[in-house]
Amino acid sequence: MLFKSVLRALQFGHTVLPKKQKKLKRSALKESLQIQSSPTDYTLSGQLNDPLLTITSLLIRDRLQETVLEVTNQQHDHRFTFQLPHTLVAQLSQHAAHMQEEPDIPTVEEDGLAEIESVEADQDSPYPVGRFSLWLKFTKKVEHLTPEQLQKWEADGLPSHATLDASAFTREILLGRFVDTKITAPLAPLMDETFNEFVHLYTDLKGNLRLLLNKEPQIKPKIQIDAVRNETKATTVISGKAFTRHAFIKTGRLLLVHRESGDQVPVAIDWVYQNETSAKKFGLYRYHYTATINWSHLYQASQLQEGVYDAFIALDFYHRAEPKLQRLGRARYITRQLTPEALGKDETSTMHIIPYYTVGHRNLSFEMTEFSNENYAYLNHLMTFAPLYRLFAEKNTWLVGERPYKAQDNGYHFFKYMRETYPERPIYYVIDPTSNEYAQVAPLGNVLPIKSKEHIYHALMAKKVIGTHHAEYLYPLRSEPFKRKMRADRVFIQHGVLGTKNMNDQYGKFAAAFDTDLFLVSSEREKRLVTQDMGYADREVKITGLSRFDALLNDDVSVKRQMLVIPTWRSWLQTPLQFFESEYYQQY
């Protein structure tokens, strides 16, 4: 508890651990930029901070850095105003079509542009496509140049894209990365007269303006979680920041997607556009969001079921054809440690909600465990008085199992052997009574329906928990408070043989979501892998083989001339939606 109290102080008390301010590298020359759009044109206005400059024009260049158009400045000093009319679309289309007819020529981009990821959305277009950069061209009379500037240029050379003659210094700079960039409204694309072709004006990741012809700029939002807290035991509030680059959010909601069924539970999000912050970040859009989940309201409306819900953000953008579904994650370490559990209740039942962050990507998910109100009250009672009950309980109780709905793997075969060989021992099998495989294990006796009072009691009294997966699968509740009440040794009997896939993140000694006291393997080679590569001590690993191997030679399966292909699981395909849209599914 002291550890979490310190974390809360670090999370909310900036005076405890002051955050170092980042200094953005930007040109001191570029002072301000304002961008407006209408159905017929874009208007770009602003100024440079040197009043001795004269901005002459705006250059639009293709990927080979050839000038396609030059737009004259409507001002005559260090300020500028440019209008880009919708007729620009036809001019750029004609130029792009001409370029596509020419043989491939290596692209010549301005400094650093090659490092920027592609911004073109993956979509086909029957019309010419192309990306264009925008450049400001300005001059400064020679008599206004200082001797120090001239000496520096003589020694080091002129700046990039600059010339100097007897009367004036001339330079071209990318339009973007201004100290203050204001975009007053979402930028609509310019359409040609036929409404078939279009141009998008957008800001790239470097903060410079671009034009994209007949394609939408790709949207790759970044969403982070700053805090997850409970207003009440039944209300969870998630808040954080979103960075959507050049796309302005129209609507956005939290979606809780059930990992097995694919059912979606929508939750409203309150979005606040960070106007000042976005202006200081070259006009790239930034938001603060808050989502409030009332678990009891959802539960009473029959919108929640047992299992795991993955958190997504569903976003619709102005002037973009397709919505974006983004996994919610990117939580800081402190936030992950302080994310609280919650409850949803109705008159007869309680849904215990355990938030957690997935291994690897650290995305937010919620595990739902449902109890009758009577059993949930018994659970809390026994957690409080477990030390007293242990004084009178059987002294060597074992819990055995697999996943809660399974009885076919090493857990079942080990339990079957123990019940047939040592029937007097207090060994129990944990399984969901609604499972299709319940009937297979029930005749052996000592079967505990998961989350029953008997299961709750024997779990807290157990000396050993023996499972094919995480030991927590055999607990009535996988919450941290419940885990701390357990006193059983955890024995991992596995559900396969290690050696062809790196499972360190899932079952390694220092894996975030896995703990075991004894790790059983099938060979000396597998033991070396577990001790040398996965970090376990020699005393924590024993060679026993797999219990299910005892049944391999049983003559209880008819022989068929057939080939069976069983694709293995993929950690990044966690929902039916992700699975059915994946290339993995299409291949098989």
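In this text the structure is predicted, and so the values were computed from the model without any measurement.

### Details of the sheet that holds strand β5 (residues 79–85)
In spatial order, the strands read β5-β2-β1-β9; together these four strands make up an open sheet with mixed pairing. The open sheet has two edge strands, β5 and β9 (180–183), and neither has a second partner. Direction aside, the axes of adjacent strands within the sheet are offset by 10° on average. Bridge analysis of strand β1 (residues 30–37) against strand β2 (residues 41–48) gives seven bridges, and the strand direction is antiparallel.

### A closer look at the pattern of salt bridges
Under the criterion given, the structure shown has 20 salt bridges. Linking Arg79 and Asp77 is a salt bridge whose minimum nitrogen-to-oxygen distance equals 2.8 Å. When its relative accessible area of 37% is taken as the criterion, Arg79 is described as partly exposed. A salt bridge links Lys416 to Glu420, with the shortest nitrogen-to-oxygen separation between them at 3.0 Å.

### What about the packing of helix α7 (residues 373–390) against helix α10 (residues 453–461)?
At a minimum axis distance of 10 Å, the contact between α7 and α10 shows a crossing angle of 30°. Considering their axes alone, α7 and α10 lie roughly parallel with respect to each other. The interaxial crossing formed by α7 with α10 has right-handed handedness. Every residue of α10 that contacts α7 at Glu374, Asn375, Tyr378, Leu379, Leu382, Met383, Ala386, Tyr389 and Arg390 is listed here: Lys453, Ile456, Tyr457, Leu460 and Met461. Its residues assigned to classes, the contact of α7 with α10 shows 10 nonpolar, one polar and three charged.

### Observations regarding the side chain of Thr369
Tracing the backbone shows Thr369 in strand β23 (residues 364–372). By relative accessible area, Thr369 is classed as buried at 8%. Beyond its immediate chain neighbours, meaning those up to four positions away, Thr369 contacts Glu306, Thr350, Met351, His352, Lys451, Pro476 and Leu477.

### A closer look at the side chain of His78
Structurally, the position occupied by His78 is in the loop between β4 (67–72) and β5. The class for His78 is buried, based on a relative accessible area of 16%. Sequence-distant contacts of His78, defined by excluding residues within four places in its chain, comprise Gln47, Leu48, Asp50, Pro51, Leu53 and Ile55.

### Some points on the environment of Tyr536
Along the chain, Tyr536 turns up in the loop between α13 (524–533) and β30 (541–543). With 186 residues separating them along the chain, Tyr536 and Thr350 place their C-alpha atoms 39 Å apart. Ignoring any residue separated from it by four or fewer positions in sequence, one finds Tyr536 in contact with Tyr507, Gly508, Lys509, Phe514, Thr516, Phe519, Val530, Thr531 and Val541. At a separation of 2.7 Å, a polar atom in the side chain of Tyr536 contacts the main-chain carbonyl oxygen of Tyr507.

### Description of the pairing of strand β28 (residues 489–492)
Sheet topology note: the strand β27 (residues 464–467)/β28 ladder contains four bridges and is parallel. Within β28, the position partnered with Gly467 by the bridge is Phe492. Inspection of the sheet shows β28 paired to strand β29 (residues 518–521) by two bridges, in the parallel sense. Looking at β29, one finds that Phe492 is bridged to Phe519.

### Structural notes on the packing of aromatic side chains
To describe a pair of aromatic rings, one takes the distance between the centres and the angle between the planes. Under the criterion given, the structure shown has 26 aromatic pairs. Between the aromatic rings of Phe248 and Tyr287, the centroid separation amounts to 5.8 Å while the plane-to-plane angle is 70°, which identifies the pairing as edge-to-face. With Phe248 in the loop between β14 (235–245) and β15 (249–258) and Tyr287 in strand β17 (residues 285–294), this residue pair connects regions lying 39 residues apart in the sequence. Take Phe248 and Tyr287: they sit in the same class, and that class is buried.

### Focus on the sheet that holds β28
Here seven strands make up an open sheet; going across it, the order is β26-β25-β24-β27-β28-β29-β30 and the pairing parallel. With one partner strand each, in any of the chains shown, β26 (447–449) and β30 form the two edges of the open sheet. Sheet twist, expressed as the average angle between the axes of neighbouring strands with direction ignored, equals 25°. Note: β29 against β30, three bridges, orientation parallel. Residue pairing in the sheet places Val521 in a bridge with Ile543 of β30. Here helix α8 (residues 410–421) sits on the sheet in contact with β24 (398–401), β25 (427–431) and β27, set at roughly 150° to β25. The sheet strands contacting α13 are β29 and β30, and the helix crosses β30 at an angle near 175°.

### Topic: the confidence of the model for the chain
In this model, the chain carries a mean pLDDT of 89, and residues with pLDDT of at least 70 account for 91%. Scored below 50 in pLDDT, residues 13–19 makes four contacts in the model with residues more than four places away or belonging to other chains. Ignoring residues within four places in sequence, the model shows residues 110–121, a span with pLDDT below 50, making 31 contacts including any to other chains.

### Brief notes about α7
Across its 18 residues, α7 extends 24 Å between first and last C-alpha, which sits within 8% of the 26 Å expected from 1.5 Å per residue. Taken as a whole, α7 has its buried residues at Asn375, Tyr376, Leu379, Leu382, Met383, Ala386 and Arg390. On its buried face, α7 is in contact with β21 (342–345), β22 (349–357), β23, α10 and α11 (480–485).

### Overview of the pairing of strand β8 (residues 168–174)
For β8, a buried count of six out of seven residues is recorded, marking the element as mostly surrounded by other parts of the structure. As judged from the seven bridges shared by strand β6 (residues 130–141) and β8, these two strands associate in the antiparallel manner. Paired with Lys141 across the strands is Ala168, a residue of β8. Sheet topology note: the strand β7 (residues 162–164)/β8 ladder contains three bridges and is antiparallel. Note on β8: the bridge partner recorded for Thr163 is Thr170. Between β7 and β8, which pair antiparallel and follow one another directly, the connecting turn spans three residues.

What counts and how
- Residues numbered from 1 in each chain as written.
- Predicted model: local features only at pLDDT ≥ 70, side-chain atom pairs only at ≥ 80, totals over all residues.
- Heavy atoms only, no water.
- Pairing = 2+ DSSP bridges.
- Helix = DSSP H or I, 4+ residues; strand = E, 2+ residues; numbered from the N terminus.
- Axes fitted to C-alpha atoms, helices over the stretch in contact; angles between N-to-C directions.
- Salt bridge = Lys/Arg side-chain N within 4 Å of Asp/Glu carboxyl O.
- Buried < 20%, exposed > 50% of the residue type's maximum accessible area, 1.4 Å probe, protein only.
- Parallel < 35°, antiparallel > 145°, perpendicular 65-115°, else oblique.
- Left-handed = near helix turned anticlockwise from the far one by under 90°.
- Contact = heavy atoms within 4.5 Å.
- Nonpolar A, V, L, I, M, F, W, Y, C, P; charged D, E, K, R; others polar.
- Polar contact = N/O pair within 3.5 Å; in protein donor to acceptor, adjacent residues only side chain to side chain.
- Phe/Tyr/Trp six-rings, centres within 6.5 Å; stacked < 30°, edge-to-face > 60°.
- pLDDT = per-residue confidence, 0-100.
- Expected span 1.5 Å × (residues − 1).

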